[in-house]
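The residues making up each chain are set out below.
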Number of protein chains: 2
Amino acid sequence: MTTIKDIAKEANVSAGTVDRVLHNRGGVSPKTEEKIKKILKQKNFKINMIASSLAMKKHLKIATLIPQFDHQNIFWKSPYSGIQKASQEVNSYGVENHVFTFDQFNPKSYLNAFKKLIKTEPDAVVMVPIFSKETSEIIEILNKSDIPYLFFNVDLKGFNKLCYIGQKSYDAGILAGKLSHLCISPGDELLVILTRKNLYDHEAVHERVKGFVHYFKENTPKTKIHQLQFEQPDEVETGGEIINEFLTKNPNIKNIMVPSSRVSHVCKVIEQKKLSQIKLVGFDTTSQNIEALKKGIVTFLISQKSFNQGYKSITTITNYLVHKEMPKNEIPTPLEIITKENFEFSHSEERKYSMEN
Amino acid sequence: MTTIKDIAKEANVSAGTVDRVLHNRGGVSPKTEEKIKKILKQKNFKINMIASSLAMKKHLKIATLIPQFDHQNIFWKSPYSGIQKASQEVNSYGVENHVFTFDQFNPKSYLNAFKKLIKTEPDAVVMVPIFSKETSEIIEILNKSDIPYLFFNVDLKGFNKLCYIGQKSYDAGILAGKLSHLCISPGDELLVILTRKNLYDHEAVHERVKGFVHYFKENTPKTKIHQLQFEQPDEVETGGEIINEFLTKNPNIKNIMVPSSRVSHVCKVIEQKKLSQIKLVGFDTTSQNIEALKKGIVTFLISQKSFNQGYKSITTITNYLVHKEMPKNEIPTPLEIITKENFEFSHSEERKYSMEN
DNA sequence: TACCATTTCGTGTGCGTACACAATCTACAC
DNA sequence: GTGTAGATTGTGTACGCACACGAAATGGTA
């Protein structure tokens, strides 16, 4: 393993000079720079990240802004775990992360959490920009203080974010279309259930539906796609009759696609005998959804690996801060297909981490 | 961030003493040990891995024994890439890895490669134990020299390996069953094509078929499953007629499952019009298979993320060597379902790495 | 008390890099 | 030839930890 010292000796200069050309810090004569660069290449020198980050020791602070989770809205637990795991790992690099949470249905809570966050004077921010108007305010403040930030899970266009880490919703919808398509026979009909409206994830949900519809338009244009829409977050819980009536009226519906993470809520209110002849496709591997999958009620879940999203957000911004590594503007996370037969192999890392804590 | 020094100051001892209790190195009076341990817990002290590994600098050597890849057998390219990536990363930890390859169809080549390998006196070995008899010889030598080793991708029972990293073939077969099941209608028949026999991967292939058959026995016992078997590695290439004839004789076959990574070879020899009404399920995301997926010829591929297998093998054994971290005896890799609609989001890391090199 | 064997502990150095600061060197003006 | 600014390069220290070596403390014995 070649070190900076080795290079320096070879080039008859000091380690400092080698360091200067390694980091393009200037102040080196063209001659020696050339010479050093040649030796660098020849010996295939790679900076020792370990020693490098130890020497840096900038003591950086990251702040994270994400929705709270509880038993009703358990989705955000998974990214939170990923964030925690990454936070622990980057701690060795002298980076510490603080998480601030807010109520995903309350814009004010979003702003308040941010106010607390900004008081800690972070060097970078990782956030889920749920409310678009309030996000504008937030970004303005960040821009003024020159604090870099990245979005994850939810994307919002028109900001100079470092990058977006998350699912491509439209493509996810197409995939849902493919899977639903495989579940049905010619002549069968489909139902899309939108569990609520005008909420933060409207954009993603909307895109998924668009992709879904597009898939069928391209492949089997004759397939009929029904839609049921609920206005309030909890309406699905109470409005089982509506769904059941609808299914009775449209007996050809053989597949239901729920473009949010609430497919388990939907299947809870559908009558047993109806359920048995309908296949369900949903999103996200919340524990409730996994339960439904295990029981065979849900056939497919499309996972966006939200644990990884959280994890990757932290590591990405850390690499940017510590090693000036510019991320791609968009980092799409995999569209993972989860079934009863493979779910247990899919989230082992996440489970392992949850158990440890 | 609390350091050893902080702890030492708090306990009125020197850093050396703290270090001693941290590593159970003995030579510390019970009293001070107790005191230090208390402060350690209270301050939630975590060793800084960065500094730790920098200070260790043990200069360890890993050796890897895997099959070669070429255009005919491209499967092994992917684990090789994963191994290369991990090797680069652990290099900072003072660990270097050397790869030795052999002809996967030639036991002698396997032994020869190992002989070369063992001459380099490695501190640990990562290997794919393809030939069972020869592996016994190899392991005996390793045991004598007290060299730890792990298997990946192919498992062999009865050895005191550190761990096995790879797919659970039986479960993969069950999943293949589920996917095939979704592709067909009641009354349709299935065909399993075994592209060769008595070769190294026989065990895995066999298990996959067993899982596949089991799935249908459990779910739709009436479904008829045909099998076609070829004896020689390349026989499929030439024996298209046999398959086509078989399909003509059994027009109810609507799904073909190929339990090896050679589904693309199979679909190359099937007549176009037959192909159009048959859905194919295969294994592994070789570039040829991905091609067939893109064209819509293959419906599902089950990926074992062999890139990750290679990557994880190296990092696992490194953690064992450097940090004495004992791995679980079995690390199953995910059963990833790949379709035309999601393949591009699935192997981004691997692609990124291939491009860089 | 003097002496020695052990136990217990502190000190110093090195790992590979980053960076501030000091030292040297160059070119040019006088 | 001398002086000086500016360019170029060398040196020292810190990062947090591991480990070797030797110093101090302890305890037991004569």
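Notes on the structure in this doc start here. The model shown is predicted, which means the values in this text are computed figures rather than measured ones. All residue numbers here refer to positions counted from 1 along the written sequence of the relevant chain. By the order in which they are written, chains take letters starting at A while ligands take numbers starting at 1. Local features in this predicted model are restricted to residues of pLDDT 70 or higher, and side-chain atom pairs are both shown and tallied only at a pLDDT of 80 or more, whereas totals for entire chains, interfaces and linings draw on every residue.

### A few points about the nonpolar core
Nonpolar side chains in soluble globular proteins tend to be buried together. Core analysis: the biggest nonpolar cluster contains 168 residues, and Leu65, Leu150 and Ile302 of chain A together with Leu65, Leu150 and Ile302 of chain B have the highest contact counts within it. The contact criterion used here is simple: two residues whose C-beta atoms, placed from the backbone, lie within 7 Å are in contact. If near-sequence neighbours (up to four positions away) are discounted, Ile302 of chain A is found in contact with Ala172, Leu175, Ala176, Phe283, Leu335, Glu336 and Ile337 of chain A. By convention in this section, buried Ala, Val, Leu, Ile, Met, Phe, Trp, Tyr and Cys residues joined through C-beta atoms within 7 Å make up a nonpolar core. Around each residue's C-beta, the other C-beta atoms within 10 Å are counted; 20 or more make the residue buried, 12 or fewer make it exposed, and counts in between make it partly exposed. All C-beta atoms are placed from the backbone.

### Brief notes about helix α15 (residues 306–323) of chain A
Residues and elements named next belong to chain A. Compared with an ideal rise of 1.5 Å per residue, which puts 18 residues at 26 Å, α15 spans 25 Å between its outermost C-alpha atoms and is within 8% of the ideal. In terms of burial, α15 is largely enclosed, as 13 of its 18 residues are buried. Two residues or fewer after α15 comes Lys324, characterised by a positive phi angle close to 55 degrees. Strands here are runs of E lasting at least two residues and helices are runs of H or I lasting at least four, both read from the DSSP assignment and numbered beginning at the N terminus. Given the number of residues in a helix, its expected span is that number minus one, multiplied by 1.5 Å.

### Let's talk about the protein's contact with DNA strand D
Any residue whose backbone-placed C-beta atom lies within 6 Å of a molecule or strand is treated as near that molecule or strand. If you check the shell around DNA strand D, you find 26 residues, and the closest are Ser14 and Gly16 of chain A together with Thr3, Ala51 and Ala55 of chain B. Those elements that provide at least two residues to the surface near DNA strand D are α2 (15–22) and α4 (49–56) of chain A together with α2 (15–22) and α4 (49–56) of chain B. Ranked by the residues each element gives to the surface near DNA strand D, the list is headed by α4 of chain B, at 5 residues. Taken together, the residues of the surface near DNA strand D break down into 13 nonpolar, 11 polar and 2 charged. Note on residue categories: nonpolar means Ala, Val, Leu, Ile, Met, Phe, Trp, Tyr, Cys or Pro, charged means Asp, Glu, Lys or Arg, and polar means any other residue, Gly included.

### Some thoughts on the interface of chain A and chain B
Between chain A and chain B, the residue contacts involve 29 residues of the former and 28 residues of the latter. Residue assignment for the side of chain A that touches chain B shows that the elements contributing at least two residues are α4, α8 (169–183) and β12 (336–338) of chain A. The element that contributes the greatest number of residues to the side of chain A that touches chain B is α8 of chain A, accounting for 6 residues. Of the residues that constitute the side of chain A that touches chain B, the class distribution is 15 nonpolar, 9 polar and 5 charged.

### Looking at the sheet that holds strand β2 (residues 95–102) of chain A
Sheets are built from strands that pair by backbone hydrogen bonding, the pairs being arranged parallel or antiparallel. Residues and elements named next belong to chain A. Strands were regarded as paired on the criterion that DSSP finds at least two bridges between them. The 6 strands lie next to each other as β2-β1-β3-β4-β5-β11, forming an open sheet whose pairing is parallel. The open sheet has two edge strands, β2 and β11 (330–332), and neither has a second partner. Strand-to-strand twist in this sheet, taken as the mean axis angle between neighbours without regard to direction, amounts to 15 degrees. With 2 bridges connecting them, strand β4 (residues 149–152) and strand β5 (residues 164–166) associate as parallel partners. Residue pairing for β5: Phe151 is matched across the bridge by Tyr164. Under this scheme, a helix contributes an axis fitted over its contacting stretch, all axes are lines through C-alpha atoms, and angles between N-to-C directions fall in the 0 to 180 degree range.

Structural measurements only, silent on function.
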